[in-house]
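Given next are the chains, with one letter for each unit.
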Amino acid sequence: MVIDERMRWILGGTVVVYFVVMYAVSWFASRRIHDVEDYAVAGRRLPLSLAWMTLLATWFGAATMLIVPDEIRKEGLVAAALDPIGAGLCLILAGFLVAGPMWREKLLTVPDLFRKRFGRAAEVLAAIIMVPSYFGWIAAQFVALAGMARLFFGIDPVIGLVAVAILGTGYTLLGGMWSVTLTDAIQIGLLLIGLVVMAFVVAGELGGWGTAWTRIVNETSPDKLVVVPLDSTKEFFAWLALLAAGALGNMPGQDLMQRVFAARSESVARKSCYIAGTVYLAFGLIPVFIALAANLLVPDSVEGDLMPALAAMFLHPVVAVIFVVALMSAVLSTIDSAILAPATVLAQNLLARRGQSARSLLWLNRACVLLVAALSLALALAGDSAWSLLEDAYSITLVGLFVPMMFGLYSRPGSAAPALASMIAGAGTWLVHYVSGWDDFLEPFAPVGRLELPLALACTLLSLVAWLVTRYLAPDSPGRNVS
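Helix and strand counts for the protein come out as 19 helices and zero strands. Its C-alpha atoms give the protein a radius of gyration of 22 Å, within 12% of the compact-globule value 23 Å for 483 residues. If you line up the protein on its principal axes, its C-alpha atoms span 65 × 60 × 40 Å. Expressed as a percentage of the 483 residues in the protein, the buried residues total 58%. When contacts within the protein are restricted to residue pairs at least 6 apart in sequence, long-range pairs at least 24 apart make up 84% of them. Accessible area for the protein stands at about 18,600 Å²; split by element, carbon and sulfur atoms hold 67% of it. Computed over 30 positive and 33 negative side-chain charges, the inter-centroid distance for the protein is 15 Å.

Printed below as a string of structure tokens:
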């Protein structure tokens, strides 16, 4: 696709100004940072107006705007199970199930809960499972944004990935959660405006809203309009696994819980989840509509990078620039949040030493931001697809942490053994299958014609069974440490 030269120059200048503003905001935010609590959870002072916006901005990233539309265009509405349906439900469920109890614990990280309920060994294992789960998520954002740089500026993918990693990490490094929150507020505002404009333009190209929906229903292949595949048991369970990964997989996620911890009250923590989830589901359906419409508007001419390519085709250059910057904002808002979350866990739960000074801890957290970004960049350079990285990122925390976290919140465990067994069974089995390349549970051993159970569902069930069996066998064994 040929990009208008005028648009390229306008976009380049706008991007430079955009980053200058973001770094200025981050520098301002850095003046509020005095200790790790300021850096990691904004001093626990976020009002509702900022809390829900940073939650929404964290979710509304490359997945919703760039990866999922391409996948829906190819596979149809079944791909929406992971995002936006699953991801939006995750926020709403978090408000009902975990936001209140987790806020009351006054934690910095999710593994802190594991330490309080199950002891140091569970804390370390939870952190070991959680930190790598973010590498794929961050790498997917890097890949998506580097793809935009290639599309509009012809930048080599490797150079684009490195540039994206440096720019996206820089302002997170400066101001931590305060920087992330303030820049998120700007970025999500740009995104929602740009998304609405793009939806109206696409609908207009199809003859208006009423005509657009009629054409999509009548001219789209019926198999691509199926939301829940009921004709095939295997396809249904695969869909269910995607939905579970989206709706439950990030429930123990540090990026979600870090915003819960940062809220200034329990009420703000809950309400921010409800508002962000509702807005996410509403606006997340717009990229789905655009993806289906694109199959009618440009059935053969756009391969990948669907949203920015449509902007270049159908929008006035100035409006297209605004929309592309909005897309870039969406991805960057996810990058900064996703880098900060595992960096905090790595610093606080794995590397921090007892008695370490506040200043030293703050520098350790910043060093971990750099380390997480570097490892995620290495994964992005390895060349896996963005969709695969995204799906894997959701699955790891689902199979390894969801079950023990929920039991830790809603029961009184007298032993560390059930939590350790649950994490080892779920995450360990998933890892064996992942390394072996098996997509279905015990794939090489399943008889012909036997029900193939998706890996994420099977490992989550195995995690639950391991908890229940171990709890029954060792109800009062030592190991709990509430310090």
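More follows now that the structure is in view.
With that settled, consider a nonpolar patch on the surface. Taken together, the side chains of V17, V21, I186 and L190 make up a nonpolar region of the molecular surface, amounting to roughly 280 Å² of accessible area. As for its position among the elements, I186 is in helix α9 (residues 157–205). Judged by relative accessible area, which is 33%, I186 ranks as partly exposed.

Inside soluble globular proteins, nonpolar side chains tend to come together where they are buried. Among the nonpolar cores identified, the biggest contains 167 residues, and M65, M102 and F142 are the most heavily contacted of them. Here this core gets 19 residues from one element, more than from any other, and that element is helix α15 (residues 317–351). Dropping the residues within four chain positions of it, M102 is found in contact with L107, V110, L113, M257, V260, F261, M405 and L409.

Predicted confidence across the protein gives a mean pLDDT of 84, with 92% of residues reaching 70 or more. Low confidence marks residues 477–483, where pLDDT is under 50. Its contacts with residues over four positions away, or in another chain, come to 19 contacts.

Under the defined criterion, the tally for this structure stands at 11 aromatic pairs. Note on F200 and W209: the rings are 5.4 Å apart at their centroids and 90° apart in plane angle, and the pair reads as edge-to-face. Taking relative accessible area as the criterion, F200 reaches 52% and is therefore assigned exposed. Feature note: the residues F114, F118, F407 and W467 constitute an aromatic cluster, connected by ring pairs.

Of the consecutive residues D83 and P84, the connecting peptide bond is found in the cis state with omega at 15°. Tracing the backbone shows P84 in helix α5 (residues 82–97). A positive phi is found at K106, a non-glycine position, where the angle reads about 55°. As for its placement among the helices and strands, K106 is situated in the loop between α6 (99–104) and α7 (110–118).

Counted by the stated rule, this structure contains 11 salt bridges. For E266, the salt bridge goes to R104, with nearest N and O atoms at 2.6 Å. Taken together, the residues span a long stretch of sequence, with E266 in helix α13 (residues 266–297) and R104 in helix α6 at a distance of 162 residues. The class of E266 is partly exposed, set by a relative accessible area of 22%.

In this section: the packing of α5 against α13. In a packed pair of helices, the relevant descriptors are the angle between the two axes and the axis-to-axis distance. With their axes 7 Å apart at the nearest point, α5 and α13 run at an angle of 170° to one another. Taken together, the axes of α5 and α13 lie roughly antiparallel to each other. Together, D83, P84, I85, A87, G88, L89, L91, I92, A94, G95 and F96 of α5 and R270, C273, Y274, A276, G277, T278, Y280, L281, G284, L285 and V288 of α13 make up the contact between the two elements. Its residues assigned to classes, the contact of α5 with α13 shows 15 nonpolar, five polar and two charged.

This part is about the packing of helix α3 (residues 48–59) against α9. Axis separation between α3 and α9 bottoms out at 8 Å; the angle between their running directions is 65°. Between α3 and α9, the angle is such that the two are roughly perpendicular. As α3 runs across α9, the sense of the crossing is left-handed. Only V180, T181, L182, D184, A185, I188 and L192 of α9 make contact with α3, whose side of the interface consists of L50, M53, T54, L56, A57 and T58. Of the residues contributing to the contact of α3 with α9, the split by class is nine nonpolar, three polar and one charged.

Take the side chain of T460 next. Residue position: T460 is located in helix α19 (residues 455–473). Take T460: its relative accessible area is 14%, and that puts it in the buried class. A polar side-chain atom of T460 sits 2.7 Å from the main-chain carbonyl oxygen of A456. When sequence neighbours within four positions are dropped, the list of residues in contact with T460 reads L398, V399 and V403.

With that out of the way, let us pick up α9. Every α-helical turn comprises 3.6 residues, leaving residues that sit three or four positions apart pointing alike. An ideal rise of 1.5 Å per residue puts 72 Å on 49 residues; α9 reaches only 32 Å between its terminal C-alpha atoms. Taken as a whole, α9 carries its principal kink of about 120° at G176. The residue sitting at the N-terminus of α9 and contributing the capping side-chain oxygen is D156; that oxygen lies 3.0 Å from the backbone nitrogen of V158. After α9 finishes, the residue G207 shows a positive phi value of roughly 105°.

All right, on to the environment of L362 then. You can see L362 is positioned in helix α16 (residues 358–382). Owing to a relative accessible area of 10%, L362 belongs among the buried residues under this scheme. For the pair L362 and H34, spaced 328 residues apart in sequence, the C-alpha to C-alpha distance is 8.4 Å. Those residues within four positions of L362 in sequence are excluded, and the remaining contacts are I33, H34, D35, V36 and Y39.

The next subject is the state of the cysteines. Throughout the structure, instances matching the rule amount to zero disulfides. Just so you know, C90 is unpaired, no disulfide at all, and the nearest cysteine sulfur is the one on C273, 8.6 Å from it. Looking at C273, the relative accessible area reads 0%, which means it is buried.

Position of V465 relative to the elements: it lies in helix α19. With a relative accessible area of 45%, V465 lands in the partly exposed category. For the pair V465 and F445, spaced 20 residues apart in sequence, the C-alpha separation works out to 21 Å.

About the thresholds
- One numbering rule holds for all chains: residues counted from 1, following each sequence as written.
- The model is predicted, so local features are restricted to residues of pLDDT at least 70 and side-chain atom pairs to those at 80 or more, both for listing and for counting; the totals for chains, interfaces and linings are taken over all residues.
- Note that water and hydrogens are dropped before the side-chain values are worked out from all heavy atoms of the structure.
- Secondary structure elements are defined from DSSP: runs of H or I of at least 4 residues count as helices, runs of E of at least 2 residues count as strands, and each element is numbered from the N terminus.
- Here the globule rule reads 2.2 Å times residues to the power 0.38, and the radius of gyration is calculated from C-alpha atoms.
- To sort residues, take the accessible area from a 1.4 Å probe on protein chains only and compare it with the maximum for the residue type: under 20% means buried, over 50% means exposed, and anything in between is partly exposed.
- Contacts are assigned to residue pairs with any non-hydrogen atoms lying within 4.5 Å of each other.
- All accessible-area figures derive from a Shrake-Rupley calculation using a 1.4 Å probe, and residue coverage is judged against the displayed protein chains alone.
- Charge convention: Lys and Arg are scored as positive, Asp and Glu as negative, and His as well as the terminal groups of each chain are ignored.
- Positions of charges follow a simple convention, taking NZ of Lys, CZ of Arg, CG of Asp or CD of Glu.
- A patch consists of residues exposed above 30% relative accessible area that lack any salt bridge, with like charges linked at up to 9 Å and nonpolar side chains (Val, Leu, Ile, Met, Phe, Trp, Tyr) linked at up to 5 Å.
- Whenever a carboxyl oxygen of Asp or Glu lies within 4 Å of a side-chain nitrogen of Lys or Arg, that contact is scored as a salt bridge.
- Here, nonpolar core refers to any group of buried Ala, Val, Leu, Ile, Met, Phe, Trp, Tyr and Cys residues whose side-chain atoms link them within 4.5 Å.
- The predictor reports its confidence for every residue as pLDDT, a score running from 0 up to 100.
- Any two of the Phe, Tyr and Trp rings considered here, Trp counted by its six-membered ring, make a pair once their centres fall within 6.5 Å; the pair's planes then place it as stacked at under 30 degrees, edge-to-face at over 60, or tilted in between.
- Under this scheme, a helix contributes an axis fitted over its contacting stretch, all axes are lines through C-alpha atoms, and angles between N-to-C directions fall in the 0 to 180 degree range.
- Angles are sorted into four bins: roughly parallel if under 35 degrees, roughly antiparallel if over 145, roughly perpendicular if 65 to 115, and oblique for all others.
- Charged means Asp, Glu, Lys or Arg here, nonpolar means Ala, Val, Leu, Ile, Met, Phe, Trp, Tyr, Cys or Pro, and polar covers whatever is left, Gly included.
- Crossing handedness follows the turn of the near helix against the far one: under a right angle anticlockwise gives a left-handed crossing, and clockwise gives a right-handed one.
- Here a polar contact is taken to be a pair of N or O atoms separated by no more than 3.5 Å, where protein atoms must pair a possible hydrogen donor with a possible acceptor and residues adjacent in sequence count only if both atoms sit in side chains.
- Here, expected helix span is obtained from the residue count minus one, scaled by 1.5 Å.
- Bend, in this description, refers to the angle at a residue between axes fitted to the seven residues ending there and the seven starting there.
- We call a pair of cysteine sulfur atoms a disulfide when they lie within 2.5 Å.

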